[in-house]
Amino acid sequence: MAQINFGGVEENVVTREEFPLKKALEVLKDETIAVIGYGVQGPGQSLNLRDNGFNVIVGQRKGSKSWDKAVADGWVPGETLFEIEEAAERATIIQYLLSDAGQIAVWPSIKKHLAPGKALYFSHGFGITYKERTGIVPPADVDVILVAPKGSGTSLRRMFLQGRGLNSSYAVFQDATGRAFERVVALGIGVGSGYLFETDFKREVYSDLTGERGTLMGAIQGIFAAQYDTLRANGHTPSEAFNETVEELTQSLMPLVAENGMDWMYANCSTTAQRGALDWWKKFRDATKPVFEELYKEVAAGNEAQRSIDLNSKPDYREKLNEELREMRESEMWQTGAVVRKLRPENN
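Residues numbered from 1 in each chain as written. Predicted model: local features only at pLDDT ≥ 70, side-chain atom pairs only at ≥ 80, totals over all residues. Heavy atoms only, no water.

The chain is annotated in an unreviewed UniProt entry as Ketol-acid reductoisomerase of Alistipes senegalensis JC50. Per UniProt, the chain has the following entry under Cofactor (unreviewed entry): "Mg(2+)". The record held by UniProt for the chain lists under Sequence similarities (unreviewed entry) the comment "Belongs to the ketol-acid reductoisomerase family." (UniProt positions renumbered as here; feature names shortened; annotations may be inferred.)

A. Region of interest: the sheet that holds strand S8 (residues 143–149). Pairing is mixed in the open sheet, where ten strands are placed in the order S1-S2-S10-S9-S8-S7-S6-S3-S4-S5. On the outer flanks of this sheet lie strand S1 (2–6) and strand S5 (81–82), each paired with one strand and no other. Bridge count for strand S3 (residues 33–36) against strand S6 (residues 93–96) is four bridges, and the pairing is parallel. By the bridge assignment, Ala 34 is partnered in S6 with Ile 94. Set on the sheet, helix H10 (residues 201–213) makes contact with strand S7 (119–122), S8, strand S9 (166–174) and strand S10 (193–198); between it and S8 the angle comes to about 30°. (Pairing = 2+ DSSP bridges. Helix = DSSP H or I, 4+ residues; strand = E, 2+ residues; numbered from the N terminus. Contact = heavy atoms within 4.5 Å. Axes fitted to C-alpha atoms, helices over the stretch in contact; angles between N-to-C directions.)

B. Seen up close, the packing of aromatic side chains. This structure, assessed with the given rule, holds eleven aromatic pairs. With a centroid separation of 6.2 Å and an interplanar angle of 45°, the aromatic rings of Tyr 96 and Trp 107 are classed as tilted. Of this pair, Tyr 96 sits in strand S6 while Trp 107 sits in helix H5 (residues 100–111), placing them eleven residues apart in sequence. Measuring from centroid to centroid gives 5.8 Å for Tyr 206 and Tyr 296, while their planes differ by 85°, and the two rings are edge-to-face. On the criterion of sequence distance, the pair formed by Tyr 206 in helix H10 and Tyr 296 in helix H14 (residues 271–300) is long-range, its members being 90 residues apart. Feature note: the residues Tyr 96, Trp 107, Phe 122, Phe 173 and Phe 201 constitute an aromatic cluster, connected by ring pairs. (Phe/Tyr/Trp six-rings, centres within 6.5 Å; stacked < 30°, edge-to-face > 60°.)

C. The UniProt feature "binding site: Mg(2+) 2" (unreviewed entry) in the chain, seen in detail. Per the UniProt record, "binding site: Mg(2+) 2" (unreviewed entry) is annotated on Asp 208, Glu 244 and Glu 248. What stands out for the annotated residues spanning 41 residues is how far apart their C-alpha atoms range, the widest pair being 28.5 Å apart. In this structure, Asp 208 sits in helix H10. Other than its neighbours up to four places away in sequence, Asp 208 contacts His 124 and Lys 150. Examined against the element boundaries, Glu 244 turns out to sit in helix H12 (residues 238–260). Sequence-distant contacts of Glu 244, that is, excluding residues within four places in its chain, are made with Gln 227 and Leu 231.

D. The arrangement of the pattern of salt bridges in detail. Counted by the stated rule, this structure contains 22 salt bridges. Members of the salt-bridge network, linked through shared partners, are Glu 31, Asp 143, Arg 179, Glu 182 and Arg 183. (Salt bridge = Lys/Arg side-chain N within 4 Å of Asp/Glu carboxyl O.)

In structure tokens form, the structure reads like this:
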């Protein structure tokens, strides 16, 4: 583990150079890893672990769409694919990758298979941080660890297949065996992390919930909609409004930011663009900062967690979710986006 200076702040970081895959395989050579859940993170993490040579099985409810997806991905019923409880019983490391609501519902079935010395692994600090609300309290004689890839399971898998890595945070909540650190780092390398940076369960969930509701999803959709609607109201066509709002950002500018930073992207745009961006970015910061401060307070108070638990546990959750997504999908902006994507050269 190395200390890296990030803008004047020292942080603990583990790279693939100092903890190579060969070392990770050695650390976990006698372990059976059960990935419980095959939804958002499960496929990417389990397939990367399998391709990297680890002993991994999948636990999923038989007869579900996710079970069928696991079979299509090459997991073999009775050999590497099992019902959730059987997978948990067989495992020495349980990767608990169900949704937050799913983790609450299945927890009694998982807890009884947490024999002394096993490890319970999360990719989100939700269940442990809000344990008074979730009821997820692991026994004291198991390791409780976290690896949280900073992106979707789909991105984790795609980048792995490209020979790249998606950065992840890691945390040790409970070290019962004395091996929790080497276990969590080995798993982080195994699932395909680019590098691992240290956090704790509370900081992970606070930053994650804020990010999802903020610049990663909620805020960016809100800003997209506000600019698109303003352009349309002032006579711009759907194609022009979408290209100036979404397409240029995602296809041209954000890749440059990812490669070299925002300052480099600014420096390599027209002087007119530079001047306008420099003049306006602080106005957007000042306008949105109160919203982000309110958001963080709601996360820290547990209100966002409780809302997720309450709404996502209802039997009609999927139907209501699909209705909300349909509203977004059928908006003029994203209908225009669907046409624009089809017109990209790589799709013709």
